[in-house]
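Descriptive analysis of the structure
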Amino acid sequence: MAAAMASAVERVVLEEEFKWLLQEEVHVVLKQLQDILKEASQRFALPASGLGGAVKQENFVLSTSGTDQVKGVLTLQGDALCQADVNLKMPRNNQLLHFAFREDKQWKLQQIQDARNHVNQAIYLLMNRDVNYQFKTGSEVLKLMDAVMLQLSRARNRLTTPATLTLPEIASSGLAKMFTPALPPDILVNFYINLNKLCLTVYQLHVLQPSTTKNVRLAGGSILHNPGAVFEFGNQRYEVSHVHKVECVVPWLNDALVFFTVSLQLCQQLKDKISVFSSYWNYRPY
(Lines give C-alpha, C1' and ligand atoms only; values in the text may rest on other atoms or scores of the structure.)
Protein backbone atom coordinates (compact mmCIF):
# COMPACT_ATOMS: atom_id res chain seq x y z
CA MET A 1 0.00 0.00 0.00
CA ALA A 2 2.77 2.40 0.99
CA ALA A 3 4.67 1.50 -2.17
CA ALA A 4 1.61 2.21 -4.30
CA MET A 5 1.10 5.58 -2.65
CA ALA A 6 4.75 6.47 -3.12
CA SER A 7 4.48 5.50 -6.77
CA ALA A 8 1.37 7.64 -7.19
CA VAL A 9 3.08 10.62 -5.56
CA GLU A 10 6.11 10.15 -7.79
CA ARG A 11 3.88 10.05 -10.84
CA VAL A 12 2.12 13.29 -9.83
CA VAL A 13 5.49 14.99 -9.23
CA LEU A 14 6.78 13.84 -12.59
CA GLU A 15 3.62 14.99 -14.35
CA GLU A 16 3.96 18.43 -12.74
CA GLU A 17 7.61 18.61 -13.74
CA PHE A 18 6.71 17.61 -17.27
CA LYS A 19 3.93 20.22 -17.41
CA TRP A 20 6.41 22.87 -16.21
CA LEU A 21 8.87 21.73 -18.89
CA LEU A 22 6.26 22.11 -21.62
CA GLN A 23 4.86 25.43 -20.41
CA GLU A 24 8.00 27.19 -19.19
CA GLU A 25 11.36 25.68 -20.10
CA VAL A 26 10.49 24.97 -23.73
CA HIS A 27 9.78 28.68 -24.31
CA VAL A 28 13.04 29.63 -22.59
CA VAL A 29 14.95 27.37 -25.00
CA LEU A 30 13.01 28.66 -28.01
CA LYS A 31 13.93 32.22 -27.06
CA GLN A 32 17.60 31.25 -26.68
CA LEU A 33 17.53 29.60 -30.09
CA GLN A 34 15.91 32.65 -31.70
CA ASP A 35 18.54 34.98 -30.23
CA ILE A 36 21.44 32.76 -31.34
CA LEU A 37 20.11 32.26 -34.85
CA LYS A 38 19.34 35.95 -35.31
CA GLU A 39 23.01 36.58 -34.51
CA ALA A 40 23.96 33.95 -37.09
CA SER A 41 21.68 35.52 -39.70
CA GLN A 42 23.21 38.95 -39.08
CA ARG A 43 26.66 37.50 -39.74
CA PHE A 44 25.53 36.58 -43.24
CA ALA A 45 23.96 40.00 -43.85
CA LEU A 46 26.96 41.98 -42.55
CA PRO A 47 25.26 45.39 -42.31
CA ALA A 48 27.74 48.27 -42.37
CA SER A 49 25.78 50.45 -39.95
CA GLY A 50 22.50 49.59 -38.29
CA LEU A 51 19.97 47.09 -39.59
CA GLY A 52 19.30 49.05 -42.74
CA GLY A 53 22.90 49.66 -43.73
CA ALA A 54 24.39 48.46 -46.99
CA VAL A 55 26.30 45.19 -46.96
CA LYS A 56 29.94 46.04 -46.46
CA GLN A 57 32.83 44.80 -48.56
CA GLU A 58 35.68 42.81 -47.04
CA ASN A 59 39.06 42.08 -48.62
CA PHE A 60 40.81 38.75 -48.08
CA VAL A 61 44.33 37.74 -49.12
CA LEU A 62 44.63 34.30 -50.68
CA SER A 63 47.46 32.16 -49.39
CA THR A 64 48.71 28.59 -49.09
CA SER A 65 51.57 26.96 -47.20
CA GLY A 66 52.63 24.80 -50.14
CA THR A 67 53.33 27.11 -53.08
CA ASP A 68 53.42 30.71 -54.27
CA GLN A 69 52.20 29.86 -57.76
CA VAL A 70 48.90 31.63 -57.11
CA LYS A 71 48.41 34.85 -55.18
CA GLY A 72 45.52 37.24 -55.02
CA VAL A 73 42.96 39.32 -53.17
CA LEU A 74 39.23 38.58 -53.03
CA THR A 75 36.54 41.10 -52.14
CA LEU A 76 33.47 39.56 -50.50
CA GLN A 77 30.18 41.40 -50.09
CA GLY A 78 27.64 39.23 -48.28
CA ASP A 79 27.08 36.20 -50.50
CA ALA A 80 28.82 37.66 -53.57
CA LEU A 81 32.40 37.91 -54.73
CA CYS A 82 32.42 41.42 -56.14
CA GLN A 83 36.12 41.43 -57.05
CA ALA A 84 38.88 38.89 -57.58
CA ASP A 85 42.41 39.98 -58.37
CA VAL A 86 44.65 36.95 -59.08
CA ASN A 87 48.25 36.42 -60.15
CA LEU A 88 49.26 33.03 -61.58
CA LYS A 89 52.84 31.94 -62.23
CA MET A 90 52.94 29.36 -65.03
CA PRO A 91 55.31 26.55 -63.94
CA ARG A 92 56.57 25.61 -67.39
CA ASN A 93 58.02 29.04 -68.26
CA ASN A 94 57.51 31.17 -65.10
CA GLN A 95 55.27 33.49 -67.09
CA LEU A 96 53.17 35.65 -64.77
CA LEU A 97 49.48 35.96 -65.63
CA HIS A 98 47.21 38.54 -64.04
CA PHE A 99 43.44 38.46 -64.26
CA ALA A 100 40.61 40.18 -62.39
CA PHE A 101 36.81 40.38 -62.44
CA ARG A 102 35.29 42.77 -64.90
CA GLU A 103 33.87 45.82 -63.12
CA ASP A 104 30.31 44.91 -64.12
CA LYS A 105 30.51 41.33 -62.80
CA GLN A 106 29.90 39.63 -59.44
CA TRP A 107 30.00 35.93 -58.62
CA LYS A 108 27.25 34.66 -56.32
CA LEU A 109 28.37 32.09 -53.75
CA GLN A 110 25.32 29.83 -53.65
CA GLN A 111 26.58 28.03 -50.54
CA ILE A 112 26.37 31.21 -48.45
CA GLN A 113 23.00 32.15 -49.88
CA ASP A 114 21.56 28.68 -49.18
CA ALA A 115 22.98 28.55 -45.63
CA ARG A 116 21.43 31.92 -44.81
CA ASN A 117 18.07 30.80 -46.22
CA HIS A 118 18.10 27.68 -44.03
CA VAL A 119 18.91 29.79 -40.95
CA ASN A 120 16.03 32.14 -41.71
CA GLN A 121 13.70 29.16 -42.17
CA ALA A 122 14.74 27.85 -38.73
CA ILE A 123 14.00 31.27 -37.22
CA TYR A 124 10.58 31.28 -38.89
CA LEU A 125 9.76 27.86 -37.38
CA LEU A 126 10.74 29.07 -33.91
CA MET A 127 8.80 32.32 -34.12
CA ASN A 128 5.62 30.51 -35.15
CA ARG A 129 5.05 29.75 -31.44
CA ASP A 130 4.75 32.92 -29.35
CA VAL A 131 5.31 33.02 -25.58
CA ASN A 132 1.59 32.45 -24.89
CA TYR A 133 1.44 29.26 -26.94
CA GLN A 134 0.83 26.16 -24.78
CA PHE A 135 2.55 22.97 -25.86
CA LYS A 136 0.26 20.04 -25.06
CA THR A 137 2.54 17.04 -25.68
CA GLY A 138 6.19 16.16 -25.84
CA SER A 139 5.75 14.91 -29.40
CA GLU A 140 4.79 18.45 -30.46
CA VAL A 141 8.08 19.80 -29.10
CA LEU A 142 10.10 16.93 -30.58
CA LYS A 143 8.54 17.55 -33.99
CA LEU A 144 9.44 21.25 -33.81
CA MET A 145 13.01 20.49 -32.68
CA ASP A 146 13.45 17.97 -35.50
CA ALA A 147 12.28 20.54 -38.05
CA VAL A 148 14.63 23.22 -36.68
CA MET A 149 17.56 20.79 -36.49
CA LEU A 150 16.95 19.75 -40.10
CA GLN A 151 17.27 23.37 -41.27
CA LEU A 152 20.38 23.94 -39.12
CA SER A 153 22.01 20.75 -40.37
CA ARG A 154 21.33 21.78 -43.95
CA ALA A 155 22.79 25.25 -43.27
CA ARG A 156 25.93 23.75 -41.75
CA ASN A 157 26.28 21.17 -44.51
CA ARG A 158 26.14 23.85 -47.20
CA LEU A 159 29.25 25.43 -45.69
CA THR A 160 31.10 22.24 -44.78
CA THR A 161 30.38 20.24 -47.94
CA PRO A 162 31.16 22.01 -51.23
CA ALA A 163 29.38 20.83 -54.35
CA THR A 164 30.99 18.10 -56.43
CA LEU A 165 31.45 19.33 -59.99
CA THR A 166 32.82 17.74 -63.13
CA LEU A 167 35.54 19.60 -65.00
CA PRO A 168 33.15 20.31 -67.95
CA GLU A 169 30.71 21.83 -65.44
CA ILE A 170 33.48 24.09 -64.13
CA ALA A 171 34.48 24.99 -67.69
CA SER A 172 30.89 25.92 -68.62
CA SER A 173 29.95 27.63 -65.34
CA GLY A 174 30.37 31.13 -66.72
CA LEU A 175 33.04 32.02 -64.18
CA ALA A 176 35.74 32.14 -66.85
CA LYS A 177 33.79 34.83 -68.71
CA MET A 178 33.93 37.19 -65.75
CA PHE A 179 37.64 37.96 -66.02
CA THR A 180 39.59 40.62 -67.83
CA PRO A 181 41.72 39.84 -69.65
CA ALA A 182 39.91 36.66 -70.60
CA LEU A 183 41.34 33.47 -69.15
CA PRO A 184 43.38 31.42 -71.61
CA PRO A 185 41.70 28.19 -72.76
CA ASP A 186 44.14 26.06 -70.77
CA ILE A 187 43.10 27.60 -67.40
CA LEU A 188 40.04 26.74 -65.30
CA VAL A 189 39.10 28.34 -61.98
CA ASN A 190 36.57 27.51 -59.29
CA PHE A 191 35.53 29.34 -56.10
CA TYR A 192 33.79 27.62 -53.19
CA ILE A 193 33.31 27.67 -49.42
CA ASN A 194 34.83 24.96 -47.23
CA LEU A 195 33.99 25.37 -43.53
CA ASN A 196 35.14 28.91 -42.64
CA LYS A 197 37.34 29.35 -45.71
CA LEU A 198 36.84 30.86 -49.13
CA CYS A 199 38.79 28.73 -51.59
CA LEU A 200 40.10 29.27 -55.11
CA THR A 201 41.26 26.34 -57.22
CA VAL A 202 43.17 26.95 -60.45
CA TYR A 203 43.53 24.09 -62.95
CA GLN A 204 46.17 24.22 -65.65
CA LEU A 205 45.41 22.01 -68.63
CA HIS A 206 47.06 20.59 -71.70
CA VAL A 207 45.35 19.27 -74.81
CA LEU A 208 45.44 15.54 -75.48
CA GLN A 209 46.00 14.84 -79.16
CA PRO A 210 43.45 12.57 -80.90
CA SER A 211 46.25 10.20 -81.79
CA THR A 212 47.31 9.66 -78.19
CA THR A 213 47.58 6.02 -77.17
CA LYS A 214 47.36 6.84 -73.48
CA ASN A 215 44.67 4.80 -71.71
CA VAL A 216 42.52 7.44 -70.02
CA ARG A 217 39.27 7.49 -68.06
CA LEU A 218 37.13 10.61 -68.03
CA ALA A 219 36.99 12.31 -64.62
CA GLY A 220 33.65 12.40 -62.77
CA GLY A 221 32.35 14.88 -60.22
CA SER A 222 34.64 15.97 -57.39
CA ILE A 223 35.27 18.89 -55.04
CA LEU A 224 38.95 18.94 -56.08
CA HIS A 225 40.35 17.27 -59.21
CA ASN A 226 43.91 15.94 -59.20
CA PRO A 227 46.60 16.19 -61.89
CA GLY A 228 46.00 13.54 -64.54
CA ALA A 229 42.23 14.01 -64.58
CA VAL A 230 40.91 13.90 -68.16
CA PHE A 231 37.74 15.49 -69.55
CA GLU A 232 36.12 16.47 -72.84
CA PHE A 233 34.89 19.97 -73.57
CA GLY A 234 34.18 21.74 -76.85
CA ASN A 235 35.11 18.71 -78.97
CA GLN A 236 38.52 18.67 -77.33
CA ARG A 237 40.05 16.36 -74.75
CA TYR A 238 42.06 17.91 -71.92
CA GLU A 239 44.22 16.61 -69.11
CA VAL A 240 44.86 18.47 -65.85
CA SER A 241 48.60 19.10 -65.58
CA HIS A 242 48.77 21.26 -62.44
CA VAL A 243 46.37 22.11 -59.61
CA HIS A 244 46.77 25.11 -57.29
CA LYS A 245 44.49 25.65 -54.32
CA VAL A 246 44.64 28.84 -52.25
CA GLU A 247 42.28 29.99 -49.53
CA CYS A 248 41.48 32.65 -46.96
CA VAL A 249 39.70 32.47 -43.61
CA VAL A 250 36.39 34.36 -43.35
CA PRO A 251 35.91 35.01 -39.60
CA TRP A 252 32.14 35.52 -39.71
CA LEU A 253 31.69 32.13 -41.37
CA ASN A 254 33.47 30.61 -38.39
CA ASP A 255 31.07 32.51 -36.09
CA ALA A 256 28.10 31.11 -38.01
CA LEU A 257 29.37 27.54 -37.71
CA VAL A 258 29.78 27.98 -33.94
CA PHE A 259 26.21 29.33 -33.70
CA PHE A 260 24.93 26.31 -35.65
CA THR A 261 26.74 23.90 -33.31
CA VAL A 262 25.46 25.61 -30.15
CA SER A 263 21.91 25.71 -31.51
CA LEU A 264 21.94 22.04 -32.48
CA GLN A 265 23.19 21.17 -28.99
CA LEU A 266 20.36 23.17 -27.38
CA CYS A 267 17.79 21.40 -29.55
CA GLN A 268 19.20 17.99 -28.69
CA GLN A 269 19.33 18.77 -24.95
CA LEU A 270 15.64 19.74 -24.99
CA LYS A 271 14.77 16.54 -26.87
CA ASP A 272 16.74 14.50 -24.33
CA LYS A 273 14.92 16.10 -21.39
CA ILE A 274 11.54 15.26 -22.89
CA SER A 275 12.59 11.71 -23.70
CA VAL A 276 13.73 11.11 -20.11
CA PHE A 277 10.13 11.32 -18.88
CA SER A 278 9.09 8.39 -21.08
CA SER A 279 11.27 6.03 -19.03
CA TYR A 280 9.37 6.67 -15.78
CA TRP A 281 5.78 5.74 -16.52
CA ASN A 282 3.63 3.93 -19.05
CA TYR A 283 2.10 7.20 -20.25
CA ARG A 284 4.13 8.29 -23.23
CA PRO A 285 4.49 12.08 -23.47
CA TYR A 286 5.43 11.67 -27.11
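Before going into details, it helps to say that this report is about the structure given with it. Bear in mind that the values here come from a model prediction, so they are computed numbers and not experimental data. (Residues numbered from 1 in each chain as written. Predicted model: local features only at pLDDT ≥ 70, side-chain atom pairs only at ≥ 80, totals over all residues. Heavy atoms only, no water.)

In strand E1 (residues 58–62), alternate side chains face the same way, and those of Glu58, Phe60 and Leu62 are buried while those of Asn59 and Val61 on the opposite face are not. Bridge analysis of E1 against strand E2 (residues 70–77) gives five bridges, and the strand direction is antiparallel. The residue of E2 that forms the bridge with Phe60 is Leu74. (Buried < 20%, exposed > 50% of the residue type's maximum accessible area, 1.4 Å probe, protein only. Helix = DSSP H or I, 4+ residues; strand = E, 2+ residues; numbered from the N terminus. Pairing = 2+ DSSP bridges.)

Our focus in this paragraph is the sheet that holds strand E10 (residues 236–249). On the basis of which strands lie adjacent, the open sheet formed by four strands has the order E7-E8-E10-E9 and antiparallel pairing. Looking at the sheet topology across the chains shown, the edges are occupied by strand E7 (187–194) and strand E9 (230–233). Here the strands of the sheet are splayed against their neighbours by 40° on average, with no regard to which way each runs. Note: E9 against E10, four bridges, orientation antiparallel. Paired with Val230 across the two strands is Glu239, which belongs to E10. (Axes fitted to C-alpha atoms, helices over the stretch in contact; angles between N-to-C directions.)

When its volume is computed, the largest pocket comes out at roughly 300 Å³. Elements represented by at least two residues in the lining of the largest pocket include exactly strand E5 (107–108), helix H2 (110–127), helix H4 (167–171) and E7. Taken together, the residues of the lining of the largest pocket sort by class into 10 nonpolar, four polar and three charged. Volume-wise, the second largest pocket comes out at about 220 Å³. In terms of lining, the second largest pocket is formed by 15 residues, of which the most central are Ala171, Ala176, Pro185, Leu188 and Phe233. (1 Å grid on protein atoms, 1.4 Å probe; cavity = no way out; pocket = protein on both sides within 12 Å on 5 of 7 lines; lining within 4 Å. Points joined across faces, edges and corners; volume = space filled by probe spheres on them. Nonpolar A, V, L, I, M, F, W, Y, C, P; charged D, E, K, R; others polar.)

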